[in-house]
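The primary structure of each chain is shown beneath.
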Amino acid sequence: MNSTNRIAAQRYAAAYDALSKTNEEASRRSVLLHEVQMALDSQQEAMNSPRITLQTKKEVVRTALSGSPETANFIELLLEAKRYYLLPEITRRVATLLDDRLGIVRAQVYAAKELTAAQKRHTEQVLAKRYGGEIKADFITDPSLLGGLKIICRGEQIDGSLQRRFAKLEEELTK
Amino acid sequence: MAIRPEEITSIIKSKIEHFDTSVDINEIGTVIQVGDGIARVHGLNQVKASELVDFGNGVKGMAMNLEYDNVGCVLMGPDQQVHEGTTVKRTGEVISIPVGPDVIGRVVDPLGKPLDGKGEIKTEKTMPLDIVAPGIIDRQPVKQPLQTGIKAIDSMVPIGKGQRELIIGDRQTGKTAIALDAIINQKNIPAAERCICIYVAVGQKQSTVAQVVKTLTDFGAMDYTVVVSATASDPASLLYIAPYAGCAIGEYFMWQGKDVLIVYDDLSKHAQAYRQMSLLLRRPPGREAYPGDVFYLHSRLLERACKLSNENGGGSLTALPIIETQANDVSAYIPTNVISITDGQIYLESSLFLSGIKPAVNVGLSVSRVGGSAQRKTMRKVAGTLRIDLSQYQELAGFAQFGSELDKESQRQIERGKRMTELLKQNQYSPLKVGEEVLVLYAGTHGYLDTVSVADVLNYEQQLLSYVRSEHAAVLDELNQSQELTEALEGKVKSLLDEFKTVFRAGK
Ligand SMILES: Nc1ncnc2c1ncn2[C@@H]1O[C@H](COP(=O)(O)OP(=O)(O)OP(=O)(O)O)[C@@H](O)[C@H]1O
Ligand SMILES: [Mg+2]
């Protein structure tokens, strides 16, 4: 994705997010957009096909989303602006904006073995101390780490894995 | 493989025991696009311009463009292992190169990795590639000569230590030859005044660089020379940093109080590499599609040449940048830029080269704006009128072509000019000592050659030099050392030349 697309996606996402005054509204809208995106995903071919006119596509969206005219408007706007293909990216960004509103910090925690519930809770507490806010971590098992944890959070990588230490030791010894 | 001292079991054990158990915390980003040696990275929010970033697998990169939602990085290695989704780490460092006495005699790439297969280079210090040039108060004016051993240059376009003298000319006009001769000539100079030499090859063929290294080795010049090489097959990013790497090595020695001579061969290719990078990074193109800051690219490099003040140790860094022109066009963008930043230029012309005048220095268009004050008095005395004599000769020679009758004086000038032009020819790899240059030029400018036929001039020079080397070594020594041509010394030279008249055999 080139930088124009990324910038455009960010603008649409910010505009959609700005519709909501309260956090509840924002999470409702975010969930809705996500569902719509998932539903439309199965119609990819039709939605991107040049053989179906814009008018038809709009009508389909309007009838399908008769319950939430606002979201229907948003999708129509994307169709008109020929930015429909950005919908998945926009949805992702709307979710991130919602996280920011709610003070949620996402993290990926890699471990060689599945962590116990207590270990998971402890990890989240430690991360909360470092980054503030409420930590929502994805716990991923990666046996190649051998031991220790590797955490990616807020654009930082905290690597305490055995794998890295071995790599460093190798570097040191072969120098 | 031999066992190295650091491989003793106890040392290995302690290395393992005391191995740092801390965790690594790095700011990271993700590659979102890669190609043509450029990677766009999302994340790395705190990264600074010119910072070194790590793509893993031993591939490093440099952050060049800090944009709204991504960072444009140039890769310093092959881009095959970098793909969309690759994690990129900040290093918090700028690019630096290992420096120290052990680098001398080696061939390295712009990151300091040895290319000559002579093993690792052990240095304690590293220098960042891009540092701000010494300020005004840190410097002093150029005042010592840097002998190139080339008659035409030392006499008419003298170079001083700390000067920036451009060598400019079309392809195959002997640009590299002049720079190499200047390096080889350092061998002729007493160790105290000798320059440490750095030859930076930018965008040349591997075979050409290998040839240069071989030449330098054969002449024993590698003992005091470093070769920094980024060849045509290297990524543009390496070509871009090569001159700065060479300069950083040179600056290290300069701050140690040493004299350094650095050759950038050549800056045209350097500018092209930078243009390639800039266009791929989507920076706006300007004249000849070069980016707007291409002037700054070279000015910040050449500003680093200087003569340090005595308080700073009095070291110097002399730069000989080389520029290749197309069809003798010195008014193209890069040539005019570099001409305006340097302290003069040696202009080599293909027509002269082809008519057998080698080195093909165009006397009228070559200048040295500061070297004159650094020239030795002996040399200044013998070469004082040389430039004027030669340009008068060229003017008159134009008239003479029309077959017009010339008066006696003009004819004399033409005859003198022909001989001086002949005398200034010089073979490659045969730089002369100052004293020898002074002696030979003295003979020319004081009429000793007027009776010798033009075809015999170089023959005369050969015989004179070998005669003096064997019979009058003391006078030659004095000429080499003395700063001034005293009356006594001049008398000795005169009598020696008179004596040689009887020894010289023409047509041999
Ligand atoms: N003074 C000289 N006497 C005789 N031959 C010379 C002299 N100077 C250079 N040559 C020869 O001329 C050729 C071109 O010289 P050189 O490689 O130095 O030119 P260049 O301008 O650096 O070329 P390029 O554009 O390929 O870098 C070489 O074969 C070299 O040996
Ligand atoms: Mg060359």
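How each quantity is defined
- Residues numbered from 1 in each chain as written.
- Chains lettered and ligands numbered in written order.
- Predicted model: local features only at pLDDT ≥ 70, side-chain atom pairs only at ≥ 80, totals over all residues.
- Heavy atoms only, no water.
- Near = heavy atom within 4 Å.
- Polar contact = N/O pair within 3.5 Å; in protein donor to acceptor, adjacent residues only side chain to side chain.
- Areas by Shrake-Rupley, 256 points an atom, 1.4 Å probe, with all protein chains shown as cover.
- Helix = DSSP H or I, 4+ residues; strand = E, 2+ residues; numbered from the N terminus.
- Nonpolar A, V, L, I, M, F, W, Y, C, P; charged D, E, K, R; others polar.
- Buried < 20%, exposed > 50% of the residue type's maximum accessible area, 1.4 Å probe, protein only.
- Contact = heavy atoms within 4.5 Å.
- 1 Å grid on protein atoms, 1.4 Å probe; cavity = no way out; pocket = protein on both sides within 12 Å on 5 of 7 lines; lining within 4 Å.
- Points joined across faces, edges and corners; volume = space filled by probe spheres on them.
- Domains from an automatic or database assignment.

Trainee: Would you explain the site of ligand 1 in this entry?
Mentor: Residues and elements named next belong to chain B. Around ligand 1 lies a shell of 15 residues, among which Gln172, Lys175, Thr176, Ala177 and Gln428 are the nearest. Between ligand 1 and Lys175 there is a distance of 2.7 Å, counted from an oxygen atom to a side-chain nitrogen or oxygen. Gln428 is positioned such that a nitrogen or oxygen atom in its side chain is 2.5 Å from an oxygen atom of ligand 1. Contact with the protein chains removes 72% of the 630 Å² of surface that ligand 1 exposes when unbound. Residue contributions to the shell around ligand 1 peak at three residues, all from helix H3 (residues 175-185). By residue class, the composition of the shell around ligand 1 is three nonpolar, seven polar and five charged.

Trainee: Sorry if this is basic, but what is going on with the side chain of Asp69(B) here?
Mentor: Tracing the backbone through its elements, the reader meets Asp69(B) in the loop between strand E4 (60-66) and strand E5 (71-75). Taking the relative accessible area as the measure of exposure, Asp69(B) reaches 12% and is therefore buried. Residues within four places of Asp69(B) in sequence aside, it is in contact with Ser3(A), Arg6(A), Ile7(A) and His42(B).

Trainee: When you look at the layout of surface pockets in this model, what are you seeing that I'm missing?
Mentor: Where empty space is left can be seen by rolling a probe of water-molecule size over the atoms. The volume enclosed by the largest pocket comes to roughly 2,000 Å³. If you trace the largest pocket, you find 47 residues lining it, with Glu171(A), Asp54(B), Gly58(B), Lys60(B) and Thr91(B) closest to the centre. At the level of secondary structure, the elements contributing two or more residues to the lining of the largest pocket comprise strand E4 (156-159) and helix H8 (162-174) of chain A together with strand E1 (24-35), strand E3 (51-54), strand E6 (87-94) and strand E7 (96-99) of chain B. Residue classes in the lining of the largest pocket are distributed as 15 nonpolar, 14 polar and 18 charged. Each pocket or cavity is described by its volume, and for the second largest pocket that value is around 1,600 Å³.

Trainee: Could you clarify how one ought to interpret empty space enclosed by the protein in this entry?
Mentor: Tallied over the full model, the rule gives two cavities of 30 Å³ or more. In this structure, the largest cavity spans a volume of roughly 60 Å³. In this structure, the largest cavity is lined by Pro145(B), Leu146(B), Gln147(B), Asp154(B), Pro158(B), Ile159(B), Gln375(B), Arg376(B) and Met379(B). When the residues that make up the lining of the largest cavity are grouped by side-chain class, the tally is five nonpolar, two polar and two charged. Taken together, Val109(A), Tyr110(A), Ala111(A), Lys113(A), Glu114(A), Leu115(A), Lys120(A), Phe139(A), Ile140(A) and Thr141(A) make up the lining of the second largest cavity. Elements that contribute at least two residues to the lining of the second largest cavity include exactly strand E1 (104-111) and strand E2 (134-141) of chain A. For the lining of the second largest cavity, a count of residues per class yields six nonpolar, one polar and three charged.

Trainee: Explain the domain arrangement of chain A here, please?
Mentor: Put simply, an interface is often sized by how much accessible area is lost when its parts join up. Along its sequence, chain A is organised into domain 1 (3-100) and domain 2 (103-173). Centre-to-centre, using C-alpha coordinates, domain 1 of chain A lies 34 Å away from domain 2 of chain A.

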